[in-house]
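Below, each chain spelled out in residue letters.
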Amino acid sequence: MDAALAGRLTRLERVARLDRAFFFGALVFGLATAQAPAPLNGPVTVGGTTIASTGIIVRNTAGVTRLDLGIDRNGYPSVDEYDTTGALRQAMYLLHDSPTLRQFDAAEKKRAELFLGSDTQNGEYVILDAAQTVRLGVFIGAQGLPELGLYGSDGKARGYLAADDGGGYLVMKDANATSRVDLGAFSGGTFGVDVRNAAGTVVWTKP
Amino acid sequence: MDSSTDISARIDRLEGSSRRDRLLGVAVLALVFATAQAPGPPPATATTAPIVVSDATGATATLTARGLTVRDPAGRVRSFVGVDDANRPSVDLSDTTGVLRESMYLLNEFPVLRQFDGAGKRRVDLHLDSASNGELQFSDANEKLRLALFRTKGGDPQMGLYGTDEKLRAYFSTDDASPYLVMRDNAGTNRVYAGGYQDGSVGIAVRSAANVVQWKAP
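Residues numbered from 1 in each chain as written. Chains lettered and ligands numbered in written order. Predicted model: local features only at pLDDT ≥ 70, side-chain atom pairs only at ≥ 80, totals over all residues. Heavy atoms only, no water.

1. Notes on the overall build of chain B
A tally of regular secondary structure across chain B gives 1 helix and 16 strands. Going through the 218 residues of chain B one by one, you find that 43% of them count as buried. For chain B, long-range pairs separated by at least 24 residues make up 1% of all intrachain contacts whose partners lie at least 6 apart in sequence. Accessible surface for chain B amounts to roughly 11,900 Å². Of this, 56% is attributable to carbon and sulfur atoms. (Helix = DSSP H or I, 4+ residues; strand = E, 2+ residues; numbered from the N terminus. Buried < 20%, exposed > 50% of the residue type's maximum accessible area, 1.4 Å probe, protein only. Contact = heavy atoms within 4.5 Å. Areas by Shrake-Rupley, 256 points an atom, 1.4 Å probe, with all protein chains shown as cover.)

2. Observations regarding the pairing of strand β16 (residues 213-217) of chain B
Two faces make up the sheet, and in a regular strand the side chains alternate between them. Residue and element names in this part refer to chain B. Across 4 bridges, strand β15 (residues 202-207) lies against β16 in antiparallel orientation. Its bridge partner lying in β16, Ala205 is registered against Lys216. Counted along the chain from β15 to the antiparallel partner β16, the turn is 5 residues long, and its residue Asn211 has a positive phi close to 70°. (Pairing = 2+ DSSP bridges.)

3. Focus on the interface of chain B and chain A
In this complex, chain B contributes 78 residues to the contact, which on the side of chain A involves 81 residues. Summing both partners gives a buried area of about 6,300 Å² for chain B against chain A, and 71% of it is carried by carbon and sulfur. Joining chain B to chain A, the criterion identifies 0 salt bridges. Counting across the interface, chain B meets chain A through 14 residue pairs in polar contact (both at pLDDT 80 or more). The leading source of residues in the side of chain B that touches chain A is helix α1 (residues 2-35) of chain B, at 16 residues. (Buried area = accessible area lost by both parts, 1.4 Å probe. Salt bridge = Lys/Arg side-chain N within 4 Å of Asp/Glu carboxyl O. Polar contact = N/O pair within 3.5 Å; in protein donor to acceptor, adjacent residues only side chain to side chain.)

4. Side note on the nonpolar core
Formed by 43 residues in total, the largest nonpolar core has its most connected members in Leu161 and Leu183 of chain A together with Phe138 and Met183 of chain B. With 9 residues, the next largest nonpolar core counts Leu145, Ala148, Phe150 and Tyr180 of chain B among its residues. (Core = buried A, V, L, I, M, F, W, Y, C linked by side-chain atoms within 4.5 Å.)

5. Comments concerning the pattern of salt bridges
If you walk through the whole model with that rule in mind, you get 18 salt bridges over all chains. Two residues, Asp83 of chain A and Arg89 of chain A, come together in a salt bridge whose shortest N-O distance is 3.1 Å. The exposure class of Asp83 of chain A is buried, given its relative accessible area of 14%. Residue Arg89 of chain A is classed as partly exposed on the basis of its relative accessible area, which comes to 30%. The salt bridge partner of Arg122 of chain B is Asp125 of chain B, with a shortest N-O separation of 3.1 Å. On the accessibility criterion, Arg122 of chain B (31% relative accessible area) is partly exposed. Residue classification places Asp125 of chain B among the buried residues on the basis of a relative accessible area of 3%.

6. Section: the environment of Leu100 of chain B
Residues and elements named next belong to chain B. Its location among the elements puts Leu100 in strand β6 (residues 100-107). The partly exposed category is assigned to Leu100, whose relative accessible area is 32%. C-alpha separation for the pair Leu100 and Leu68, spaced 32 residues apart in sequence, amounts to 16 Å. Leu100 has contacts with Asp92, Leu93, Ser94 and Phe116, leaving out every residue within four places of it along the chain.

7. Topic: the packing of aromatic side chains
Residue and element names in this part refer to chain B. Per the stated rule, a full pass over the model turns up 4 aromatic pairs over all chains. Geometrically, the ring pair formed by Tyr193 and Tyr197 is stacked, given 4.9 Å between the ring centres and 15° between the ring planes. Judged by relative accessible area, which is 18%, Tyr193 ranks as buried. Among the aromatic residues, ring-to-ring pairing joins Tyr180, Tyr193 and Tyr197 into one connected group. In this arrangement the basic side chain of Lys216 is found over the ring face of Tyr197, its NZ or CZ atom lying 4.9 Å from the centre. (Phe/Tyr/Trp six-rings, centres within 6.5 Å; stacked < 30°, edge-to-face > 60°. Lys NZ or Arg CZ within 6 Å of the ring centre and 35° of its normal.)

Okay, here's the thing in structure tokens:
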């Protein structure tokens, strides 16, 4: 009887040790691998697309960035589009918190821009030449007047059409910035047209 | 006999603890299967859980079923691309105070780009109108329309300049015959007309506030 009991006891003690080892093994494995959902601390890449903490970047098969969206290296929220050479061609972003849409040529020169002025927050759209000189602009100016401006290669106004509450007016200037033609509302409240010489003297006026 | 009784009691205790250990082991194993995740990239297959990527500064990018939202270290949303709360595809940029400043989206299926000032007022609106003609509008700080480039209902291209009352003061347009420039006073009277007339002639005329021609040529 004692021998039988001793045999049962030996088997039970062996099984108990095995069970305990199994239990602790399972516990260690669980602690080592169990994860609560948590932010990823590094970028996630799927093919050419990478999601990082600052946004998303899409690259082509050659590894050239074609699009990014998020917060750029200057801290501006932005959407940027690049051509196949990697040149920035179009960007919508907040430049110093001012909304801006820019289009660039292949040399990454700014050629068109739609934005709010940083001082007045008035809307403005400008077209620039390859030297990045503004040649055309439509905008609400610093005085709050809507205006179309045409500019020479020197960036100086040659013609502009504007309006205040009294009426609209068209002005044409020569290369010396002298007004040579005025048409529309004059400052005195009248309407008419006048032509001036290079010295700015009126040589013809109506009515 | 006392020894046998003692051994029997030990065996009973061992059998009990063995059953408990086995139950605990099975429970832990079940926990492992329920929570264990293989290290590596997130699954490429669809998931309902947002994917959040963060960095040491506290900036985060969150990818959900609706799109991607990027927050600055202060936790303010600065960029969003995706389908917005009104189910419009949208790209939104917000400033450092969290105010929406620039948005490109489809409004009632029509493309729109809008720029807002720091007070959240709409100042620039570039869109297609209900006839799918392009239109650019500038508004002042009171959200009054002051300048517009657009096509008229007749299809003519036109630029309009408006007063603080949102009424036209000048417009420059053209039809297939010839362009024309019109300037108005604050009463809405045409005071200057230059360009093509409806009869096909071309000239220039200045009118009084009573709408009487004061001078005309040729």
